[in-house]
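Residues per chain are reported as follows:
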Amino acid sequence: MEKQPQNQLYAGEVPLSPMQQWFIKTHPEPIHQQHLTALYRCEAAIESSLLKNTVQYLLAQHDVLRMRYIDTEQGWVQWCADDIVDDVIGWEDLSDIPEQTRMSVLKARSSSLLAQLDVFKGPVFLVRYLSFGPDVPGYLLMICHRMVVDETSLKLLGEDFTNIYQALSQGEKVTCDVKQDAFRHWANALNDWVQAEAIEPAVAPWLALKGQKQSQEIMGQSEQGSYDGHIATTSITLDESCSQAILHALPDCYHTDAETILLTAILMAFSPLYESEQFYFMLEGDGRKAGRRFSRHFERSVGWFAYQYPVCLPFSREKGMSGLIKAVKEGVKAYPNDGLDYQLYRYRGQDPMLSEHLTLPMPALTIKLLTEPSNHSVGFLKAVDILDKGKQPEYKKYQNLLLSCQKMDDGKLVVRVDYNNQRVKQRFVEQMTQALNTALQQLSTHAETSNEGGHTPSDFSYVSLSQVQVDEMTARRPGLQDLYPLSSMQQSLLFYHWLDSSCGAYVEQIQLSLSGDLNLPDFASAWNAVISEQPMLRTCIFEQGTDDLLQGIVNQCHIDIAECAAPADMADWLLQDRKTPFDLLNPPLMRISW
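Residues numbered from 1 in each chain as written. Predicted model: local features only at pLDDT ≥ 70, side-chain atom pairs only at ≥ 80, totals over all residues. Heavy atoms only, no water.

## Some words on the overall build of the chain
In terms of helices and strands, the chain carries 16 helices and 19 strands. The proportion of buried residues among the 594 residues of the chain is 49%. At a minimum sequence separation of 6, the contacts of the chain that also span at least 24 residues come to 79%. Total accessible area on the chain stands at roughly 28800 Å², and carbon and sulfur atoms take up 49% of it. (Helix = DSSP H or I, 4+ residues; strand = E, 2+ residues; numbered from the N terminus. Buried < 20%, exposed > 50% of the residue type's maximum accessible area, 1.4 Å probe, protein only. Contact = heavy atoms within 4.5 Å. Areas by Shrake-Rupley, 256 points an atom, 1.4 Å probe, with all protein chains shown as cover.)

What follows is the structure in structure tokens.
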């Protein structure tokens, strides 16, 4: 991406995201105190002119870094400025600071810069390079206001900074390898979506929760504890073998994602610690994954794309490991559009009555599944973790317990537990952490020793099946990949096939003349590669087991090339071939003769 002139920068109002609206309504303390910070040690010294140009590219590329806010009687308004202010960027010479006090100076400098964040006048994004001398590594400090970014955005900004700075330092053109849409496109797409989508199906799971009494309390929670308590932290680090089982082996076996497996482990850990029969918690999602729904690309977009939605799952204590994984998978799938509709209609819907019905008790536990550390090393920037862990972003004070499952750069999984030590007892956290570690190890063992797995009804979204029917079908057809109804024309063709399977009326033939030598094994391999790439060529008919006729796609099938002597009468041979019936239960429903 070439540097954009300032008069080409986007400027205008941008709708608030659901998470931003939740944040404004639930945080009474001054908004300007909210922030996210990343600190890096620089293996190479940063030049002040290149630092300025790099940050200007970031400000031009990511609209949210130029956001401003107005608190009106009708509510908060978010708008994007078209100016790039110089006070965002700073290069400070701290070479006179003694080595033994440098870390404390970094902490103090980080705290003092927070006062410069201003959501009303700007800036909402600050970058400072702190130099301790020519032969000493300097430090790069990035501070963003909480209203404009989530943790993933901070990670992306670190990566973009590295790529842009290196390109500029080498005299190369700054390019953007992946097409990305801006945060404003996502916010506007949500506006269109909430006006066009059918409301009742979108919010039905949460309306059902409204009439039930949910236990949002956890054992070990103190009723008298202050929400202003210190945020304590503990963590679990899984070894490589266990991490791979959770991330890959079990998701492949159960046709699901690693988030489902992690959630299963959490359910196993909390089961003996909860008094109720249901597990009620807040689950955080990432709106970047919704880009395909809007024909947009947000994978590397910066902004507050995170959102949260309440989930209620039965503990299913009587089910085995395999049954529990499937129950969790189906339970989460019951919340449409990955749960995004909850906050969307709760805070952006047009119906005040619906918004009231969607006001559910705030769970004590919030879960963030399979995130990446916001402050991680990239290129010549090495992440430094020296900031006071007790001074987490203010919004965490309103959560009693936060579980974050993070995938580290080395592929290992880390489960981090942040808790308010005035609201949650340390003994409870220790018991829960130990139980969670045990559950993760048990799931890893299950991946190594069990042959269980399989599909669940949500894998076949075009048809309505019970788990029993799914098990019967997958047992009859191993490798089943998808199921969907027959079209009206297919049903007609199948009817006539049953009347007379040898009539050949609906068998299509293509006759080709080939010149030159034919390598038959390569010819067969090429056709099987085509079948592998085209799902319809791996289709078969399910004749029994459901009320409706279905067609299924298997994940693989093989075709053999039949070698035949040249017939005396080609027309007669073609007629006889056409009348040879296909076995519709076994793909591929094609044959090739040579």
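## Section: the confidence of the model for the chain
Per-residue pLDDT for the chain has a mean of 85; in total, 89% of the residues score no lower than 70. Overall, residues 1–7 carries pLDDT values under 50, and its contacts beyond four positions in sequence, including any with other chains, amount to 15 contacts. (pLDDT = per-residue confidence, 0-100.)

## Quick look at the packing of helix H9 (residues 321–333) against helix H12 (residues 426–449)
Closest axis-to-axis distance for the H9/H12 pair is 11 Å, and the angle between their directions is 110 degrees. When the axis of H9 is compared with that of H12, the two are roughly perpendicular. Of the residues in H12, those touching H9 at Met321, Ser322 and Ile325 are Gln442, Leu443 and His446. Grouping the amino acids of the contact of H9 with H12 by side-chain chemistry returns three nonpolar, three polar and no charged. (Axes fitted to C-alpha atoms, helices over the stretch in contact; angles between N-to-C directions. Parallel < 35°, antiparallel > 145°, perpendicular 65-115°, else oblique. Nonpolar A, V, L, I, M, F, W, Y, C, P; charged D, E, K, R; others polar.)

## Description of the nonpolar core
Phe125, Leu140, Phe161, Ile246, Phe270, Phe279 and Ile367 are the most contacted members of the largest nonpolar core, which totals 128 residues. Ile97, Leu106, Phe132 and Leu141 belong to the second largest nonpolar core, which has 13 residues in total. (Core = buried A, V, L, I, M, F, W, Y, C linked by side-chain atoms within 4.5 Å.)

## Some thoughts on the pattern of salt bridges
A complete count under the given rule lists 17 salt bridges for this structure. Between Asp150 and Arg288 there is a salt bridge, with the nearest N and O atoms lying 3.0 Å from each other. Residue Asp150 is located in the loop between strand S7 (138–145) and helix H4 (151–169), and its partner Arg288 is located in the loop between strand S9 (278–286) and strand S10 (306–314); the two are separated by 138 residues in the primary sequence. Of the two residues, Asp150 and Arg288, both sit in the buried class. Of the charged contacts, one joins Lys289 and Glu259 as a salt bridge, the two residues approaching to 3.5 Å between their closest N and O atoms. With a gap of 30 residues between them, Lys289 in the loop between S9 and S10 and Glu259 in helix H8 (residues 258–270) connect regions that are remote in the sequence. Its relative accessible area of 54% is what places Lys289 among the exposed residues. A residue is classified by how much of its surface remains accessible, and Glu259, at 17% relative accessible area, is buried. (Salt bridge = Lys/Arg side-chain N within 4 Å of Asp/Glu carboxyl O.)

## A short note on empty space enclosed by the protein
Overall, the coordinates contain one cavity of 30 Å³ or more when judged by the stated rule. Of the volumes computed, that of the largest cavity is approximately 50 Å³. For the lining of the largest cavity, a count of residues per class yields seven nonpolar, no polar and three charged. (1 Å grid on protein atoms, 1.4 Å probe; cavity = no way out; pocket = protein on both sides within 12 Å on 5 of 7 lines; lining within 4 Å. Points joined across faces, edges and corners; volume = space filled by probe spheres on them.)

## Observations regarding the sheet that holds strand S2 (residues 35–42)
Spatial ordering of the open sheet is given by S5-S6-S7-S2-S12, a layout of five strands whose pairing is mixed. Among the strands making up the open sheet, the edge pair consists of strand S5 (89–93) and strand S12 (381–383). Across the sheet, the mean angle separating the axes of adjacent strands is 25 degrees when strand polarity is ignored. Judged from the five bridges that link them, S5 and strand S6 (residues 125–131) form a sheet pairing that is parallel. Residue pairing for S6: Glu92 is matched across the bridge by Leu130. Sheet contacts for helix H2 (residues 48–61): S5, S6 and S7; angle to S5, the most-contacted strand, approximately 155 degrees. (Pairing = 2+ DSSP bridges.)

## Looking at the sheet that holds strand S11 (residues 365–371)
The strand order S8-S14-S13-S11-S9-S10 describes an open sheet built from six strands, whose pairing is mixed. The outermost strands of the open sheet, each flanked by one partner alone, are strand S8 (231–237) and S10. Across the sheet, the mean angle separating the axes of adjacent strands is 25 degrees when strand polarity is ignored. By the bridge criterion, seven bridges tie strand S13 (residues 401–407) to strand S14 (residues 413–420) in an arrangement that is antiparallel. Looking at the pairing, Cys405 lines up with Val415 of S14.

## Some points on H8
In this model, H8 (13 residues) spans 19 Å end to end at C-alpha, consistent with the 18 Å of a helix rising 1.5 Å per residue. Of all 13 residues in H8, 13 are buried, a share of seventy percent or more. (Expected span 1.5 Å × (residues − 1).)

## A few points about the environment of Asn53
Tracing the sequence through the fold places Asn53 in helix H2. Given the relative accessible area of 30%, Asn53 is considered partly exposed. For the pair Asn53 and Tyr165, spaced 112 residues apart in sequence, the C-alpha separation works out to 8.2 Å.

## Observations concerning the side chain of Thr433
Following the sequence through the fold, Thr433 ends up in helix H12. Of note is the side chain of Thr433, whose polar atom sits 2.7 Å from the backbone oxygen of Val429. The residues touching Thr433, leaving out its near neighbours within four places in the chain, are Thr234, Ile236 and Val417. (Polar contact = N/O pair within 3.5 Å; in protein donor to acceptor, adjacent residues only side chain to side chain.)

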